[in-house]
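# A closer look at the structure
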Amino acid sequence: MKRSKTMELGVGIFMLAGILGLVFLGLQVSGLTFSAPGDTFRLEANFANVGSLKPRARVTMAGVTVGRVTEIELDTEWYDARVVLELDAELEGQLPRDSTAAILTAGLLGEQYIGLSVGADPETLTHGDTIRDTQSAVVLEELIQQFVSNMATN
Amino acid sequence: MIARLQQLGRRGCDGLETLGRAGVFLALSSFGVPSREGWHLWLRQMHFVGVLSLAIVLVSGLFIGMVLALQGYTILVDFGAEQALGQMVALSLLRELSPVVAALLFAGRAGSALTAEIGLMKATEQLTSMEMIGVDPLRRVVAPRLWAGFVALPLLTVGFSVVGIVGGYLVGVEWLGVFDGSYWANMQASVDFLDDVVNGMVKSLVFALVVTWIAVFQGYDLIPTSEGISRATTRTVVYSSLVVLGLDFVLTAMMFGGLS
């Protein structure tokens, strides 16, 4: 009977350790938080070239993450890319209408994300509006081409 | 020529028959835990299959995590991207290495023992005697082992991941001098709980079912001689390893290959 007790204890500790391990993987490794996803609102932005921007990429403002990209599709009217952004609801009615969105790269080889910078228009962007002033992703080939042609003219 | 064809056909029929028997066997034996006595049998098997496998799984996890960090560091430092070490260690462990390596170790440590145990019971006619006194060996012998394996391997896989990530931390941060904050922050930024941790667990559950199923079925279905037992034990390890690696490719293609 005593042997069975220690066995039960061993199995109990084993299972508890497994569950604690899963909690560790959730909290420490994948950075899961218990806060529910807050309210969001949608903005659209058209870019001439999105580079390698992916859905779920970050949207930042002054380096702080304020939302994410939800959709990227080809706009067949203008033949550019329409990107749908989902931003924190507290920014609704706070961003001036002439704010700009640029596609930036984190580090040399890092992922691409969208950086917003504030304009000065008194009117503000609300749900479903489009950001007019955008800056496309930097494509390395174009940069090199420009550099080479500059060299040639000099 | 015709004899060859006939032989091939017989092989095919035998194979299908075995597969069918294994399926019926799984269906019959998976309903056997609820009674109080069954619970105790399950606990005993959990101890044997789970707790006693802990040492080998955790030690392997620690070393695999440390090797990953060391190898990853020497590659990443060329690109000046050694901050991404945590991300690399965590993703490769959670998505691939933990489920697969833990399942392979489990097949070698616990699966072969299950086959040999059940096989010897069959060879010494304990299973037949159980049937004679009205005890269903599927419920009494096979079901607790099946369920113990099904629960134990995912827990072992979690342990493997945790210890591996800590091992990577020890080598990467404490020894090689990657900044502590970027190790965890990069990891947290890139590891998604649903996509990575839960998918790894799903893989592990599938492997647990398959490995334990193969082990107990090989034990139950073997030819009851000493040679038969040794062959069945070998088959358990070989089949389990092959099936785990093959299924891993299929599952990875479904989860991360963009097929869904």
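Residues numbered from 1 in each chain as written. Chains lettered and ligands numbered in written order. Predicted model: local features only at pLDDT ≥ 70, side-chain atom pairs only at ≥ 80, totals over all residues. Heavy atoms only, no water.

As a further point, take the domain arrangement of chain A. Split into domains, chain A comes out as domain 1 (1–34) and domain 2 (40–144). Taking the mean C-alpha position of each, domain 1 of chain A and domain 2 of chain A sit 43 Å from one another. (Domains from an automatic or database assignment.)

Next up on the list: the side chain of B:Ser98. For B:Ser98, the position within the fold is in helix α4 (residues 85–123). Non-local contacts of B:Ser98, meaning those with residues more than four positions away in its chain, are made with B:Leu93, B:Ala103, B:Thr157, B:Phe160 and B:Ser161. (Helix = DSSP H or I, 4+ residues; strand = E, 2+ residues; numbered from the N terminus. Contact = heavy atoms within 4.5 Å.)

Moving on, we get to the sheet that holds strand β2 (residues 58–61) of chain A. Residue and element names in this part refer to chain A. Taken in spatial order, the eight strands make up an open sheet running β7-β1-β4-β3-β2-β6-β5-β8, and their pairing is mixed. The open sheet terminates on both sides in strands that have one partner only, identified here as β7 (130–131) and β8 (133–135). Summarising the sheet, strand β3 (residues 64–75) and strand β4 (residues 80–88) pair through eight bridges and their orientation is antiparallel. The partner of Arg68 across the bridge, within β4, is Glu86. (Pairing = 2+ DSSP bridges.)

Residue and element names in this part refer to chain A. With four bridges joining them, β2 and β3 adopt antiparallel strand pairing. Opposite Met61, over in β3, you have Val64 as the bridge partner. Between β2 and β3, which pair antiparallel in sequence order, lie two residues; one of them, Ala62, sits at a positive phi of approximately 55°. In the sheet, β2 pairs with strand β6 (residues 112–117) via three bridges, with the strands oriented parallel. What sits directly across from Thr60, in β6, is Gly115.

It is worth spelling out the interface of chain A and chain B at this point. Between chain A and chain B, the residue contacts involve 21 residues of the former and 29 residues of the latter. Both sides of the chain A and chain B interface together cover about 2,100 Å² of buried area, and 81% of this is carbon and sulfur. Per-residue buried area on chain A facing chain B is highest for A:Met7, A:Phe14 and A:Val29; these three make up 30% of the total on that side. For the pair chain A and chain B, the number of links is zero salt bridges. Classifying every residue of the side of chain A that touches chain B by side-chain character gives twelve nonpolar, seven polar and two charged. (Buried area = accessible area lost by both parts, 1.4 Å probe. Salt bridge = Lys/Arg side-chain N within 4 Å of Asp/Glu carboxyl O. Nonpolar A, V, L, I, M, F, W, Y, C, P; charged D, E, K, R; others polar.)

Let us look at empty space enclosed by the protein. Residues and elements named next belong to chain B. All chains considered together, the criterion is met by one cavity of 30 Å³ or more. Taken as a whole, the largest cavity encloses approximately 30 Å³ of empty space. Taken together, Leu94, Ser98, Pro99, Thr157, Ser161, Asp196, Val197, Gly200 and Met201 make up the lining of the largest cavity. Secondary structure elements with two or more residues in the lining of the largest cavity: α4, α6 (137–175) and α8 (193–221). Per-element accounting of the lining of the largest cavity gives the leading share, four residues, to α8. Grouping the constituent residues of the lining of the largest cavity by class yields four nonpolar, four polar and one charged. (1 Å grid on protein atoms, 1.4 Å probe; cavity = no way out; pocket = protein on both sides within 12 Å on 5 of 7 lines; lining within 4 Å. Points joined across faces, edges and corners; volume = space filled by probe spheres on them.)

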